[in-house]
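These are the residues of each chain, in order.
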Amino acid sequence: MIRLNDITSRLLSYIPKADISLVEKAYVYSAKVHQGQVRLSGVPYLSHPLEVAYLLTEMKMDATSIVAGLLHDTIEDTDAELSEIERLFGKDAANIVDGVTKISKIQFSTTEERQAENIRKMILAMTTDIRVIMVKLADRLHNMRTLGFHTPEKQARIARETLDIYAPLAGRMGIYWLKSSFEDLCLYYLEPEIYNQIKSGVAERRGAREKFIQEVGELIGQKVREYGIEATIKGRHKHFYSIYQKMKDQNLTVDQVYDVVAFRVIVNTLKECYEVLGLIHSAWKPIPGKFKDYISLPKANMYQSLHTSVIGPYVQRMEVQIRTWEMDKVAEEGIAAHWKYKEGIKIGESDQKQFAWLRQLLEWQKNLHDPKEFMEMVQMDLFPDEVYVFTPKGEVKAFPKGATPVDFAYSVHSEIGEKCTGAKVNGRVVPIKYIMNNGDIIEIITSNKQHPRKDWLDFVKTTRAKSRIRQWIKVEERDESISIGKNILEKSLEQLHINTSNIAKNKDILDVARDMSFQTMEDLFANIGYGKIPASQVVTRLKEKLGIEKEVDVGIVQKVVSKITRKKSSRGIKVKGIDDMLVRFANCCRPLPGEHVLGFITRGRGVTIHKYNCSHILDSDQERLVEVQWAPAKDDVYTAKIRVTSVDRKGVLADVSAIISKKEANIINAEIKTTMDKKGVSYFTVEVDSYKQLEEIMGAIKKVENVLIVERV
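None of these values were measured; they are calculated from a predicted model.

Here we look at the overall build of the protein
For step 1, the next point in the chain: When you go through the protein residue by residue, the secondary structure sums to 28 helices and 21 strands.
For step 2, the next point in the chain: By the burial criterion, 49% of the 713 residues in the protein qualify as buried.
For step 3, the next point in the chain: The long-range share in the protein, meaning contacts at least 24 apart out of those at least 6 apart in sequence, stands at 67%.

Right, here's the structure in full:
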């Protein structure tokens, strides 16, 4: 079993000033809270956090990471409290332990390719400190090494999860020895027969290959020395999983896989990398299509190296990797090889760009050699615009940041979205406006009495939810307009003594509707209800069709919709096709006589007048827009608000006020502010009779000395 001294000695070997006392304190605390606990193998549970901490030293992590490794299971498996860990070991260590605990609680029920990628993204999005991932990877590696004590079913599940989730994460962190370890262990549990075939095949030829590695290594060393290049040559067998992949991809047997040997040539300079490549290619025939230049085009995790495959001595295929010592360090240690990290780099949509921020570390590390400073700055914001949550069955769904259970419900089915009354998040009931967080388990609560509301559009984030809500509201409003229109027309027709008990099937009215270019009676009723056509127009046409000459008072039309009609408005607006309609002016754009305007019918509040280009009506229901025109009375006045920005000098306010009065406008409110850069900002609410008068006022104010900007608010 690993001892505390093994951990501290290794930590001091690469961070001589590391806080060993904190590591020792964490060891004592972990031993205390895990006392009496044993693993399935029968060994004391403390062996696991010790192994995890030691693995973290192999990754060259800092003292805080080692402390978190010793404590990573304390919250989940003991009575320890997170607040106590923060008090004893600091906020960073507590945050790492908390992050590892949250990831450990995730249950992965499906790991198809798309889902596996979403889960990896979710883990990264949950992580504000990259050390959380490093501790979790170390924890998973030791668990994989001791997986033999579990049932075969659990072995297969954990191995599949490791292969789909954690091995790729290790690769993204640039820790290839860890990725290879995961993959070989997973192969052992998922394909035991193939694993043993590869193991036996490699073992049978191990002696010959060891001799081959020694001879070829010496030959490469001799060639580069002849050209005055100092290099270190390493030969190795490829790991089992990479051999397995080649067998699977090319449909080969173990005996048919020849390039199972790889050489690494490590030199001092970038220039020497390409010189060695030339020497290798001049000595042995390169295999077409097998050359990769990861120096000019590094991998997303900053891995750099030249890769080539050649037909080497004894006509055997072999792979050669050529890199500098600095590149080799990155390849071996991954992110831990970099001692500085700049926070806040945005990540693009492409998976290839997800770790673009890692590449920058290669430059930053050159000027900094303090691992403590690096670790203090290793904060991540990889997916700032996305949140990843679970369905009750364990499927991961991605949503825009700020999404709510209503977005989740509509992603399942439109009917679920329409009936959503709330949700259970991690077993706790929350309202529909709850903002989902990474890792939440969402269960939707529905009711047949629930229906979408307009205010849902204020907080839903997904396009699907917004479009479905708008669609439902449009249908609902049409149904309501049909009912209103039918009621209006029935009341109007009563004065013609026409039986309206079955108005929807009246052939004469249907003929009138078609003459007016409506396909159905519902279309006719809806347009009357929306206010697009007056019922009097239908009545007039029906009278002509029936040969009725007597004038009929149809004033009752307005009475039936008393919610939206009043005595004739004196606000200076005429609504096309509708008489005596209640009119009000929108506060958002404050239209004035002389400006191009449109009306928007709002049930219960008449017609609201907007400027034709007002943003509030550009995206509104176009069927509710009506044509209006100005018809102002002589004494009508309208309010407008202007902002005047000027140099802060005495007398400016008086000059501006005098101009407004001179132009025969009344000031009903004024506000004055002074900015930090010594400018005055004044707001005037004035009464004018037209847009032309407002323009004259603003034009005159612009001519005042020291006035910089005059604008309408």
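Section: the nonpolar core
For step 1, the next point in the chain: L11, L56, L137 and F182 are the most contacted members of the largest nonpolar core, which totals 69 residues.
For step 2, the next point in the chain: If we ignore the near neighbours within four places in the chain, the residues touching L137 are Y166, L169, A170, M173, L178 and F182.
For step 3, the next point in the chain: In terms of nonpolar packing, the next biggest core, distinct from the first, is built from 32 residues, V607, I642, V652 and I701 among them.

So, the pairing of strand β18 (residues 638–647)
For step 1, the next point in the chain: Where β18 and strand β20 (residues 679–688) come together, 10 bridges link them in antiparallel fashion. Paired with T645 across the two strands is V681, which belongs to β20.
For step 2, the next point in the chain: One ladder, built from 5 bridges, connects β18 with strand β21 (residues 707–712); its direction is antiparallel. Counterpart to V644 in the pairing with β21 is V710.

Some remarks on the sheet that holds strand β10 (residues 428–430)
Pairing between the strands of a sheet comes from backbone hydrogen bonds, and it takes one of two forms, parallel or antiparallel.
For step 1, the next point in the chain: If you trace the 3 strands from one edge of the open sheet to the other, you get β10-β9-β11, paired in antiparallel fashion. Of all the strands in the sheet, the pair left with one neighbour each is β10 and β11 (442–446). Across the sheet, the mean angle separating the axes of adjacent strands is 30 degrees when strand polarity is ignored.
For step 2, the next point in the chain: Across 3 bridges, the pairing between strand β9 (residues 420–425) and β10 is antiparallel. Note on β10: the bridge partner recorded for A423 is V430.

Considerations on the environment of I482
For step 1, the next point in the chain: Checked against the element boundaries, I482 lands in helix α21 (residues 463–494).
For step 2, the next point in the chain: On the basis of relative accessibility, which here comes to 15%, the residue I482 falls in the buried class.
For step 3, the next point in the chain: With residues near it in sequence (within four places) discarded, I482 still touches E522, F525 and A526.

Observations concerning the sheet that holds β20
For step 1, the next point in the chain: Taken in spatial order, the 4 strands of this open sheet run β19-β20-β18-β21, and their pairing is antiparallel. Both edges of this open sheet fall to β19 (666–674) and β21, since each of them pairs with a single strand only. Pairs of neighbouring strands in the sheet enclose a mean axial angle of 20 degrees, with direction left out of account.
For step 2, the next point in the chain: Strand contacts of helix α27 (residues 652–662): β18, β19, β20 and β21, with the helix running at about 15 degrees to β20, the strand carrying the most contacts.

A short note on the packing of aromatic side chains
For step 1, the next point in the chain: One pass over the full model with this rule turns up 10 aromatic pairs.
For step 2, the next point in the chain: For the pair Y188 and Y195, a centre-to-centre distance of 5.1 Å together with 80 degrees between the ring planes defines the contact as edge-to-face.
For step 3, the next point in the chain: Look at F212 and F263: their rings are 6.2 Å apart centre to centre, the planes differ by 55 degrees, and that puts the pair in the tilted class. Taken together, the residues F212 in helix α13 (residues 206–226) and F263 in strand β2 (residues 261–267) connect sequence positions 51 residues apart.
For step 4, the next point in the chain: Take F263: its relative accessible area is 1%, and that puts it in the buried class.
For step 5, the next point in the chain: Within the aromatic cluster, the residues linked to one another by ring pairs are Y188, Y189, Y195 and F240.
For step 6, the next point in the chain: Across from the ring centre of F89, 5.5 Å away, lies the NZ or CZ of K25, which sits over that ring.
For step 7, the next point in the chain: When the ring centre of Y45 is taken as origin, the NZ or CZ atom of R39, which lies over that ring, is 5.9 Å away.

Rules behind the numbers
- Residues numbered from 1 in each chain as written.
- Predicted model: local features only at pLDDT ≥ 70, side-chain atom pairs only at ≥ 80, totals over all residues.
- Heavy atoms only, no water.
- Helix = DSSP H or I, 4+ residues; strand = E, 2+ residues; numbered from the N terminus.
- Buried < 20%, exposed > 50% of the residue type's maximum accessible area, 1.4 Å probe, protein only.
- Contact = heavy atoms within 4.5 Å.
- Core = buried A, V, L, I, M, F, W, Y, C linked by side-chain atoms within 4.5 Å.
- Pairing = 2+ DSSP bridges.
- Axes fitted to C-alpha atoms, helices over the stretch in contact; angles between N-to-C directions.
- Phe/Tyr/Trp six-rings, centres within 6.5 Å; stacked < 30°, edge-to-face > 60°.
- Lys NZ or Arg CZ within 6 Å of the ring centre and 35° of its normal.

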